[in-house]
Amino acid sequence: MPNYHKPESKTVQELKDMANRLRIHSITSTQASKSGHPTSCSSIAEIMSVLFFNTMRYKLSEPRDPSSDRLILSKGHSAPILYAAWAEAGLFPVSELQNLRKIDSDLEGHPTPRLNFIDVGTGSLGQGVAVGCGMAYVGKHYDKADYRTYVIVGDGESAEGSIWESLHFAGHYKLDNLCVIFDVNRLGQSEPTSLQHRLDIYKARLDAFGFNAIVVDGHDVEELCKAFFEAANTKSQPTAIIAKTFKGKFFPNIEDLDNWHGKPLGDKAAETIAYLEGLIKNKTLSLKPQAPKGAVQQNNITNIHLATPPEYKLGETVATRLAYGTALAKIAVNNSHVIALDGDTKNSTFSDKLKKAFPERYIECFIAEQNLVGVTIGAACRDRTVAFASTFATFFTRAFDQIRMGAISQTNANFVGSHCGVSIGEDGPSQMGLEDIAMFRAVPGSTIFYPSDAVSCERSVELAANTKGICFIRTSRPNTAVIYNNNEKFEIGKGKLVKKSDKDQVLLIGAGITLYEALTAAAELEKSGVSARVFDPFTIKPLDRAAIVQNAQECGGRIVVVEDHYKEGGLGEAVMAAVADQRNIVVKHLAVPKVPRSGPPTVLIDMFGISSRHIISNVAEILKL
């Protein structure tokens, strides 16, 4: 390790002065907004001062430049001091801080990427380390650059299990370009944290997770400068700086006292500011941000396409989960920034097809789905990768908060959920994705693909790779027949008619395995003189409303929709919402009505009311209406 040189005494004093200026800004901005967390800001004032004006390297002219260091404020409620640091660095006028939390200001209560210096939204605690891991992994293994990633974690949020999923990931992959700073200020929102100032326990845990754990006085700028230097020069280990701090540090009669979380100082503000001003020795500071060491190129992640078109024979049976893996490997051929992540299900989701083709572009996240989603979001930041994360559809439900925050973070991340519905069979309800469409439909700006055959699945992957926002591709376990020609064109929000005649009396809508149940039902109905039209929506969100309304009207205003999903929030409710303003359309909705059980797929499909037999009986009922 290179020899450490202490900063000059003048620099040390200026860093102390900057910390107190940041404290003052945190007080005045939260006073102006009449809300906020000035005491939580105060505990990290020295950390922010040293990071911004001694340690990090970044471009003020372009805060999200790929060559710049990354900083994630996982304890997002301390946003006022983050904004203050950027203002003091010169990114925008300090006077703008007084607009904190105002309706016409992007200086929101917790950070969001509406601001050009924020990579991801934070504030839902326990997620910043995962995002930082994604950024650090990309920096170390793909960009091979010297930018570093810093994550500031609150001691209260370290009770979140997702933090420890991510720390395990960082230690396992020896992310020595990652530095996690624990702000151990002892106090939570409503009472002291469980460990309070037991720094020895934090250190023992972090040592055990493979970190270079350094305990410091978080209000001593010299100790912080040295710790960050050691972190930057530690190889084959991520570093954790465990900073002993005090909530409301240097706030007279407030420091380290309970019941001050999330409150502006009110009538104590003036005396506190006066006290802090008395601590500042230099009214003019010479501190300046440091520029990045080297340049990192912008990545081209547009116009991604399959290296070769789908190659299937009509009628052959192929699981869409298998077609997903095939397509993933194909799009990776033409763009080196396509990566895959999985949670130890790669041989079931078939993401291992990319691993076999490009092993360096596959990231194993193990059975830790919250971390899987967070790492995916981090890897996609600053357009460094086109990331596809896969696992069983049902397991994404435990990471819904991460996915929700991904939407707030304006991420472009692709999630692929296999093993959906009762059609997986004997594994039983714990493995069946039956809530996933509802979950992803609720995410703002999301796109949901539900391919029914191998051709449409390959095209789903190609389209998702080029679509902004969160994409979800729902794949099935059973083999399904190829029904589309290899050159069939697919578009987001455009469904496909797979059976049609001029005398159709009812419109059947299905997706995945239920599309085939609808086709079987249509064939049986034909024998009894009833003609049914069959529609494949392809995307559930956006849904092809115009086509559904038009085809329903041409079929006498009758729709039967069937899905391998619970009734709430899935395809059926999407269809009913699409036709809600149509007076003369009636919908019958078949879905899984209750918690299912283990059994053969065909038996379960029939037992839980979504087989062709049930479609036929519902058609008979709707024709009577």
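By the naming in an unreviewed UniProt entry, the chain is transketolase, taken from Hermetia illucens. Taken directly from UniProt, the Subunit (unreviewed entry) text for the chain runs: "Homodimer."

Under the local residue numbering, the UniProt record ascribes the feature "domain: Transketolase-like pyrimidine-binding" (unreviewed entry) to residues 318-482. Here residues 318-482 runs as 39% helix and 20% strand, with 7 Å between its end C-alpha atoms.

Take the sheet that holds strand E18 (residues 558-566) next. Strand order in the open sheet made by the 5 strands is E14-E16-E15-E18-E19, with mixed pairing throughout. The sheet terminates laterally at strand E14 (496-499) and strand E19 (586-592), the two strands that pair on one side only. Taken pair by pair, the neighbouring strands of this sheet meet at an average axis angle of 25 degrees, ignoring direction. Pairing geometry for strand E15 (residues 506-510) and strand E16 (residues 532-536), over 4 bridges, is parallel. Bridge pairing links Leu-508 to Val-534 in E16. In the packing of helix H17 (residues 513-527) onto the sheet, contacts are made with E14, E15, E16 and E18, and the angle to E16 comes to roughly 170 degrees. In the packing of helix H19 (residues 571-578) onto the sheet, the strands contacted are E15, E18 and E19, and the crossing angle to E18 comes to about 145 degrees.

Attention shifts here to the environment of Thr-349. One can find Thr-349 in helix H11 (residues 346-349). With 26 residues separating them in the primary sequence, Thr-349 and Ala-323 have C-alpha atoms 9.7 Å apart. Discounting chain neighbours no more than four positions away, the residues touching Thr-349 are Arg-321, Tyr-324, Asp-342, Ser-390, Thr-391, Phe-392 and Ser-418. Side-chain polar atoms of Thr-349 contact the backbone nitrogen of Ser-351, separated by 3.3 Å. A distance of 3.4 Å separates the side chain of Thr-349 from the side chain of Ser-390, its partner in a polar contact.

To continue, consider unusual backbone geometry. Of all residues except glycine, most have a negative phi; of all peptide bonds, most are trans. Look at the link from Lys-541 to Pro-542: it is a cis peptide, with omega at 0 degrees. When you line up the elements, Pro-542 lands in the loop between strand E17 (539-541) and helix H18 (545-554).

Attention now moves to the sheet that holds strand E5 (residues 239-244). Read across the sheet, 5 strands follow the order E1-E2-E3-E5-E4 without closing on themselves; strand pairing throughout is parallel. Two strands bound the open sheet, and with one partner strand each, they are strand E1 (70-73) and strand E4 (212-217). Here the strands of the sheet are splayed against their neighbours by 20 degrees on average, with no regard to which way each runs. With 6 bridges joining them, E4 and E5 adopt parallel strand pairing. Note that in E5 the partner of Val-216 across the bridge is Ala-243. Against the sheet, helix H5 (residues 128-142) makes contact with E1, strand E2 (149-154) and strand E3 (178-184), and its axis sits at roughly 170 degrees relative to E2, the strand it touches most.

With that out of the way, let us pick up the domain arrangement of the chain. Split by domain assignment, the chain resolves into domain 1 (9-279), domain 2 (317-482) and domain 3 (496-623). Computed over C-alpha atoms, the centres of domain 1 and domain 3 are 52 Å apart.

Criteria and thresholds
Residue numbers here run from 1 along each chain, matching the order of that chain's written sequence. Reporting of local features is limited, given that this is a predicted model, to residues whose pLDDT is at least 70; pairs of side-chain atoms are given and counted only at 80 or more, and all residues count toward the totals for whole chains, interfaces and linings. Only hydrogens and water are removed before side-chain values are computed, so all heavy atoms of the structure are retained for them. UniProt positions are given in the numbering used here, feature names are shortened, and annotations may be inferred rather than shown by experiment. Strands here are runs of E lasting at least two residues and helices are runs of H or I lasting at least four, both read from the DSSP assignment and numbered beginning at the N terminus. DSSP bridges decide pairing: two strands pair if at least two such bridges lie between them. All axes here are fitted lines through C-alpha atoms, helices being fitted over the stretch that makes contact, and every angle between N-to-C directions spans 0 to 180 degrees. Contacts are assigned to residue pairs with any non-hydrogen atoms lying within 4.5 Å of each other. N or O atoms within 3.5 Å of each other form a polar contact, as long as, within protein, one can give a hydrogen and the other can take it, and as long as residues adjacent in sequence are counted only when both atoms are side-chain atoms. For the domains described, the bounds stem from an automatic or database domain assignment.

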